[in-house]
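What follows is the residue order along each chain.
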Amino acid sequence: MAANHTRRIGILTSGGDCPGLNAAIRGVAKAALYNGTTVIGIQDGFRGLVENRTIPLEDAAVSGILTRGGTFLGSSRDKPHKMNMGGKIMDMTDVAVANLKKMQIDCLVCLGGNGTQKNALRLHEKGGINVLTLPKTIDNDVAQTDITFGFDSAMLIATEAIDRLHTTATSHHRVIICEIMGHQAGWLTLGAGIAGGADVILIPEIPYDLEQVVEHIVTRRHHNKRFSIIAVAEGALSKEEAALNGDKKKKKTPHPIHKEKDGVVLIREPKASRLAREIQQLSGIDARVTSLGHVQRGGVPSPNDRLLCTRLGTKAGQLLAEGVYNVMVAVRGQQCVSVPLQKVAGITRIVPDNHPWIETARLVDTCMGN
Ligand code: F6P
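Procedures and definitions
Residues numbered from 1 in each chain as written. Predicted model: local features only at pLDDT ≥ 70, side-chain atom pairs only at ≥ 80, totals over all residues. Heavy atoms only, no water. Helix = DSSP H or I, 4+ residues; strand = E, 2+ residues; numbered from the N terminus. Rg over C-alpha atoms; globule rule 2.2 N^0.38 Å. Buried < 20%, exposed > 50% of the residue type's maximum accessible area, 1.4 Å probe, protein only. Contact = heavy atoms within 4.5 Å. Domains from an automatic or database assignment. Buried area = accessible area lost by both parts, 1.4 Å probe. Salt bridge = Lys/Arg side-chain N within 4 Å of Asp/Glu carboxyl O. Polar contact = N/O pair within 3.5 Å; in protein donor to acceptor, adjacent residues only side chain to side chain. Nonpolar A, V, L, I, M, F, W, Y, C, P; charged D, E, K, R; others polar. Pairing = 2+ DSSP bridges. Axes fitted to C-alpha atoms, helices over the stretch in contact; angles between N-to-C directions. Phe/Tyr/Trp six-rings, centres within 6.5 Å; stacked < 30°, edge-to-face > 60°. Lys NZ or Arg CZ within 6 Å of the ring centre and 35° of its normal. Near = heavy atom within 4 Å. Areas by Shrake-Rupley, 256 points an atom, 1.4 Å probe, with all protein chains shown as cover. Core = buried A, V, L, I, M, F, W, Y, C linked by side-chain atoms within 4.5 Å.

(A) The arrangement of the overall build of the protein in detail. Within the protein, the secondary structure is distributed over eleven helices and 15 strands. The C-alpha atoms of the protein give a radius of gyration of 22 Å, which matches the 21 Å a tight globule of 370 residues would have. Oriented by its inertia axes, the alpha-carbon framework of the protein measures out at about 70 × 50 × 35 Å. Counting the 370 residues in the protein, one finds 53% classified as buried. Counting only contacts in the protein whose residues sit at least 6 apart along the sequence, the fraction spanning at least 24 positions is 74%.

(B) Focus on the domain arrangement of the protein. The assigned domain composition of the protein is domain 1 (8-149 + 301-343) and domain 2 (154-298). Relative placement of domain 1 and domain 2: their C-alpha centres are 33 Å apart. Every contact between the two is made by ten residues of domain 1 and, on the other side, ten residues of domain 2. Buried surface at the junction of domain 1 and domain 2, both sides included, amounts to about 800 Å², of which 58% is carbon and sulfur. On inspection of domain 1 and its partner domain 2, the count reaches one salt bridge. One salt bridge in this structure joins D17 and R297, with 3.0 Å as the shortest N-O distance. Run the count over domain 1 and domain 2 and you get two residue pairs in polar contact (both at pLDDT 80 or more). Residues of the side of domain 1 that touches domain 2, tallied by class, amount to three nonpolar, three polar and four charged.

(C) Structural context of the sheet that holds strand β9 (residues 200-202). One open sheet accounts for four strands, arranged β9-β10-β8-β13; its pairing is parallel. Taken across any chain shown, the strands that pair with only one partner, and hence form the sheet edges, are β9 and β13 (287-291). Averaged over neighbouring strand pairs, the angle between their axes works out to 15 degrees when direction is ignored. Here strand β8 (residues 175-180) runs beside β13; their pairing, made up of five bridges, is parallel.

(D) Representation of the packing of aromatic side chains. Tallied over the full model, the rule gives one aromatic pair. Here the aromatic rings of W187 and W357 are separated by 5.8 Å at their centres, their planes lie at 85 degrees, and the arrangement is edge-to-face. Highlighted residues: W187 in helix α6 (residues 187-196) and W357 in helix α11 (residues 356-363), separated in sequence by 170 residues. Residue W187 is classed as buried on the basis of its relative accessible area, which comes to 3%. Sitting above the plane of the F227 ring, R220 keeps its charged end 5.0 Å from the centroid.

(E) Structural context of the site of the ligand. In the vicinity of the ligand, the contacting residues are R77, I138, D139, M181, G182, H183, E234, H294 and R297. Measuring from an oxygen atom of the ligand, one finds a side-chain N or O atom of D139 at 2.6 Å. At 2.8 Å from an oxygen atom of the ligand is found a side-chain nitrogen or oxygen belonging to R297. Protein coverage of the free-state accessible area of the ligand, which is 400 Å², stands at 76%. Here the shell around the ligand is built from residues that sort into two nonpolar, three polar and four charged. Split by domain, the residues of the shell around the ligand number at least three in each of domain 1 (8-149 + 301-343) and domain 2 (154-298).

(F) Highlighting the nonpolar core. Core analysis: the largest hydrophobic core is formed by 62 residues, its most contacted members being I11, L111, L132, L134, F149 and I180. Considering each element in turn, this core owes the most residues, eight residues, to helix α5 (residues 151-172). Both domains that meet at this core, namely domain 1 (8-149 + 301-343) and domain 2 (154-298), each give it at least three residues. When sequence neighbours within four positions are dropped, the list of residues in contact with L134 reads A24, V28, C110, L111, G112, Q117, F149, L312, G313, A316, M328 and V329.

Next up, the structure:
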């Protein structure tokens, strides 16, 4: 066996969960343990790191978890440099670094999406910690990798949902709007929309013209297709909203969560219900809404994700043995490769205007909203 450069790693899962996290933890841990590396599990993402909540990950601890959904380590959206500590936002970077040093961790392995990539890089740059990351998110919007894990499983769920909506929409000659996750990137809506044969697909990257959407639905009626399925990303914007937002590729779309005003909690009307109301008003056709929400992040990982997580995880194990740090393990074609974290962090991989999937959708007469 070649020399192992990494004696001890910590591993955490951070950000929104998704199917495949346990499979990826297992992949990293098994490959690391095989090389003689000690593996420490850190609970609830960066919060557990700051609060020093850890568990030893021996072989038995990572056995039997390949097919299990979620993350058995727990996750959170906490950032070390901006952490809510009893109501006060504090920079806890020094505490995180001190805890890693106390544990004699050679490298911190972080499984997460765009936020996690940034937090990991910051720990390296500000705290001098070695990190290694894996790209996780159902949004598929991490830079420098062909695909993220969790995406395939979510595609399966969203596609099945669209299939089910099709049969009921057909029976009742309705428009059904299916809201799919993705605030900034439309990969999941576009992929599941094409796979499920949605008649209209609306993604954040292409601001839509409501009149064109309505015209498409009405034309379908005239051609005796009396139902329509609209797959809409939660971050999709009409042309008017996009203009109000300025350059939407630079600005974040507003999260449909609560804002407090004079002690009253306001909830923005979700995109899909607003769209249903508008379409029903303009076309006179009965419209219904289904928001898939966190169903898309639940349940067991797909076979493709199990395979992907095992490939990414074991590649991470090899890189750790070689002492390759401060990289993300990415997918490029058939290979898993390491990419410097600086090239990943802070970049959201949105659907490019000329992506072949967009052309594919248009060629089967799918309205893309413009
Ligand atoms: O980042 C992944 C994601 O699933 C997004 O698609 C979605 O908008 C968001 O997380 C939901 O976050 P939360 O779990 O905090 O509600």
